[in-house]
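# Structural features, examined
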Amino acid sequence: YEDLHTFELQAPTRVIEWARGNRVYVAGYGLSGGNEILQLLPPPALQVKETQGLCPERDFKVECGGFSNRPVYSLKHVPDTSLLVTSGPPDSSLQVWQVSAEDSDVIKSVGAIPTENGTGQPWAKIATISARAPWVLHGSRLNSVQITEVESRKNIYMAGSRSSEELSGLAFLDCNTLLLCCAEGQLCLADVRRPQSPLEAVSVPSAPCGERWCMGVGRAPQGSDSSSQPVARLSSGGHLTLTDLRKTSEPLASAKCRVPSPSSGAEFLCVSWAPALEGCLAVSGFDGTVHVYEAQSWDSSGREAEPIFVHKGHALGGGDGSGSPPLVTVHTWHPQKPRTLLSAASDGSLHVWDWVRSCGKC
């Protein structure tokens, strides 16, 4: 490691959000209520643009927090505001939170965004944007995808689909274009300017039946349009498929992750592109590790890929109290520092780490 910081949370988290002013948001997902939502200030070493020698303070600092009476399975900061949006069981509604001003250390609930026929539906996946106004894209199934203006609660868009397929993720490609990923692996494109129009489907990757999928969307090269953003899909069996949305008829590349065994479910599956390191992506959710891959050399053979780095810090921890080894619940990349990632595990451990530069671009 080039650097490694650890922090012990009071309860395990499955959400990490880098946001305004280099703040980090985390939240608990316990079913018994009283789940903390915390705004953390990263260690000083992560707030400087370049390494400036030893920093005496190596820990995260809790700046403010609040409590949710329901599990938090997803959390997004609304850009250019002091608002957070969260979702979690037992339904597909959203909760809206206000991060208080500097003279207060409270994150307080300021309302909810209900969804039509949301009772009994899976928890909603969410994405936010503020290109025109503070919007939240949310839905638990293809036929429930919508965009809501966060502050006014006004409905902006409803997707035109009769399919009740469960969603595993969604994203804004730009202020007009949406990308949806079904748990069965299908991608769908939608256009905000054409509400109620049929969704444009992208084929399901070739993989054994019964696997569940998640997706990660990368940044488009500078100066190119949103359709050039790379999309990675990861299955519970460890299959990775890369897609170019400009040519969806065939995969750009595919590979098999080096995972100890296929995941029994897909609860914590996570794949993400490095925002400041071309062609690199990270995978977690199978065990107590995070694998980093360099995907630029992949082809369509689906061969097993060799990770360029494996973070094993959580796996070497003390366990989650149940006798089982910790399971990484989520990871995310630092928005500017190329090889810096933040990861959390089921034992409440929070790690931020930067691996030593090896050969090649990574």
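Residues numbered from 1 in each chain as written. Predicted model: local features only at pLDDT ≥ 70, side-chain atom pairs only at ≥ 80, totals over all residues. Heavy atoms only, no water.

An unreviewed UniProt entry annotates the chain as WDR73 protein of Nyctibius grandis.

## With respect to the pairing of strand β12 (residues 146-149)
Side chains Gln146 and Thr148 of β12 all project onto a buried face; the interleaved residues Ile147 and Glu149 project onto the opposite face, where all are buried too. Adjacent in sequence and paired antiparallel, strand β11 (residues 135-139) and β12 are bridged by 6 residues. In textbook terms, the turn of a hairpin is the stretch between consecutive antiparallel strands, and for β12 and strand β13 (residues 155-158) this stretch comprises 5 residues, one of which, Arg153, has a positive phi near 65°. (Buried < 20%, exposed > 50% of the residue type's maximum accessible area, 1.4 Å probe, protein only. Helix = DSSP H or I, 4+ residues; strand = E, 2+ residues; numbered from the N terminus. Pairing = 2+ DSSP bridges.)

## Let's talk about the environment of Asp80
Locating Asp80 in the fold gives a position in the loop between β6 (74-77) and β7 (83-87). In this structure Asp80 comes out as exposed when scored by relative accessible area, which is 72%. With 50 residues separating them along the chain, Asp80 and Ser130 place their C-alpha atoms 6.9 Å apart. Engagement of the side chain of Asp80 in a polar contact is seen with the side chain of Ser130, the distance being 2.8 Å. (Polar contact = N/O pair within 3.5 Å; in protein donor to acceptor, adjacent residues only side chain to side chain.)

## Focus: the pattern of salt bridges
Working definition: two side chains of opposite charge can pair if their charged atoms are close together. As enumerated under the stated definition, the model contains 12 salt bridges in all. Put simply, Asp91 and Arg70 hold a salt bridge, and the shortest N to O gap is 3.0 Å. Linking Asp91 in the loop between β7 and β8 (94-99) with Arg70 in the loop between β5 (61-68) and β6, this pair joins segments that are 21 residues apart in sequence. By the burial criterion, Asp91 is buried, and Arg70 matches it. Notably, a salt bridge pairs Asp191 with Arg193, separated by 2.9 Å at the nearest N-O pair. Overall, the relative accessible area of 16% leaves Asp191 in the buried class. Residue classification places Arg193 among the exposed residues on the basis of a relative accessible area of 56%. Because the salt bridges share partners, they merge into one network encompassing Glu2, Arg339 and Asp354. (Salt bridge = Lys/Arg side-chain N within 4 Å of Asp/Glu carboxyl O.)

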